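Chain by chain, the residues run as shown.
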Amino acid sequence: MTAADSVILANPTTCELGEGPVWDPIREVVHWVDIRRGVVFSGRLDSHGRVTLLDHVSFPGTVGAVAVAEDGSWIVAGSHTLILHPASGSTRELARVIPAGQRRRTNDGKPDPAGRFLIGTLSLDDDSEHEVLARLGDDGTLTTIDDDLTLSNGLAWSPDGSIMYSVDTVRRVVYSRSYDVATGATGDRRVHIAVDDAYPDGMCSDAAGHLWIAMWGRGEVRRYTPDGDLDETIHVPAPHVSSVAFAGRELATLIITTATQDLTEDQLAAAPLSGKLFSARPAVPGLPVPLWRGITAPPKENA
């Protein structure tokens, strides 16, 4: 099944590397980032799937991802650290993800079904097989889930939270593994989806437990069944589709980010809407993504 004509231009702001769309259900705001420019955008979604820009906040370096807490505070994945951007008060560092001096940066991140924040990394140099996916604890400490990735990317969970999905982009795979929502413990991972004609990037789940995955280099968002079978394709007028998230009161609108990064002048001329925000209206609504639950325990003292 194909939804070739279902995409509309949601916002004309051009991002070099648009990523990480997030729906804040309390304030009814869509957030997304331009990773390379270090900007978090905020906009109001209307009933037609268009997003009116309300504000933007710049951070030093890159911004890999953002998530929202109940009080409106953000957790922001800075170049090497996780940052608290409170609803009021001063921004401060929460945890260091990447040691100082390494040519790596944070990438995609998302709260798990219990509201803990997970964050991945990528290398800024040649191919790597040592990138990590880590979970931020209630006391601000990081627990490594994977340390052998090529490029840690999109995250999603099954409707009951018992299965976690994660993307390793350069290997072109989506992994699955069991997940204990109460503790954050994970089981053995396995290849759930292997892609041979594009690079899987950001992803999200719908209410039926299907995965929606942005296909970098292909100009598509694909929907896969819980068994890993391709079910539907949405075509986007930008080759570098980077991420997706459901938004709106009924989670009926799929927000789609794109990028101009790595496109030649000829490619940009052929796809002039690259880097802009798009939206679509799938038949099945999205699965709610929990708010970030914050740092809820006192930090551990050094031994």
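Here, every reference points to the structure presented above.
All values derive from a computational prediction rather than experimental measurement.

**Student:** Help me understand the packing of aromatic side chains in this model?
**Tutor:** The geometry of an aromatic ring pair is captured by the separation of the ring centres together with the interplanar angle, meaning the angle of the planes. Applying the stated rule across the entire model yields three aromatic pairs. Consider the rings of Trp-157 and Tyr-179, whose centres lie 5.7 Å apart with planes at 75°: the pair is edge-to-face. Remark: Tyr-179 occurs in the loop between strand E16 (173-178) and strand E17 (190-194) and Trp-157 occurs in strand E14 (residues 152-157); sequence separation between them is 22 residues. Take Tyr-179: its relative accessible area is 6%, and that puts it in the buried class. Centre to centre, the rings of Trp-212 and Phe-246 are 6.3 Å apart; their planes meet at 75°, and the pair counts as edge-to-face. With Trp-212 in strand E19 (residues 211-216) and Phe-246 in strand E22 (residues 241-247), this pair connects stretches of sequence that are 34 residues apart. Across this residue pair, the class does not change: Trp-212 and Phe-246 are buried. Positioned above the aromatic ring of Tyr-199, the side-chain terminus of Arg-172 is 4.0 Å from the ring centre. A cation sits over an aromatic face here: Arg-189 above Tyr-175, 4.3 Å from the ring centre.

**Student:** Got a minute to help me understand empty space enclosed by the protein in this structure?
**Tutor:** Rolled over the atoms, a probe sized like a water molecule indicates the empty space that remains. Within this structure, the stated rule accounts for one cavity of 30 Å³ or more. The calculated volume of the largest cavity comes to roughly 30 Å³. Lining the largest cavity are Gly-115, Arg-116, Phe-117, Leu-136, Gly-137, Asp-138, Trp-292, Arg-293, Gly-294 and Ile-295.

**Student:** How do you make sense of the pattern of salt bridges when you look at a structure like this?
**Tutor:** Where charged atoms from two side chains of opposite charge approach closely, those side chains can pair. Here the structure, examined in full by the defined rule, presents 19 salt bridges. Note that Glu-28 is salt-bridged to Arg-249, the shortest N-O span being 2.6 Å. One end of the pair, Glu-28, is in the loop between strand E2 (18-24) and strand E3 (29-34); the other, Arg-249, is in the loop between E22 and strand E23 (253-258), and 221 residues separate them in sequence. The exposure class of Glu-28 is partly exposed, given its relative accessible area of 25%. With relative accessibility at 70%, the residue Arg-249 sits in the exposed group. The shortest N-O distance in the salt bridge between Glu-220 and Arg-222 comes to 2.7 Å. Comparing Glu-220 with Arg-222, the two get one shared label, buried. Within this structure, Glu-16, Asp-34, Arg-36 and Arg-37 form a network of salt bridges that share partners.

Analysis parameters
- Residues numbered from 1 in each chain as written.
- Predicted model: local features only at pLDDT ≥ 70, side-chain atom pairs only at ≥ 80, totals over all residues.
- Heavy atoms only, no water.
- Phe/Tyr/Trp six-rings, centres within 6.5 Å; stacked < 30°, edge-to-face > 60°.
- Helix = DSSP H or I, 4+ residues; strand = E, 2+ residues; numbered from the N terminus.
- Buried < 20%, exposed > 50% of the residue type's maximum accessible area, 1.4 Å probe, protein only.
- Lys NZ or Arg CZ within 6 Å of the ring centre and 35° of its normal.
- 1 Å grid on protein atoms, 1.4 Å probe; cavity = no way out; pocket = protein on both sides within 12 Å on 5 of 7 lines; lining within 4 Å.
- Points joined across faces, edges and corners; volume = space filled by probe spheres on them.
- Salt bridge = Lys/Arg side-chain N within 4 Å of Asp/Glu carboxyl O.

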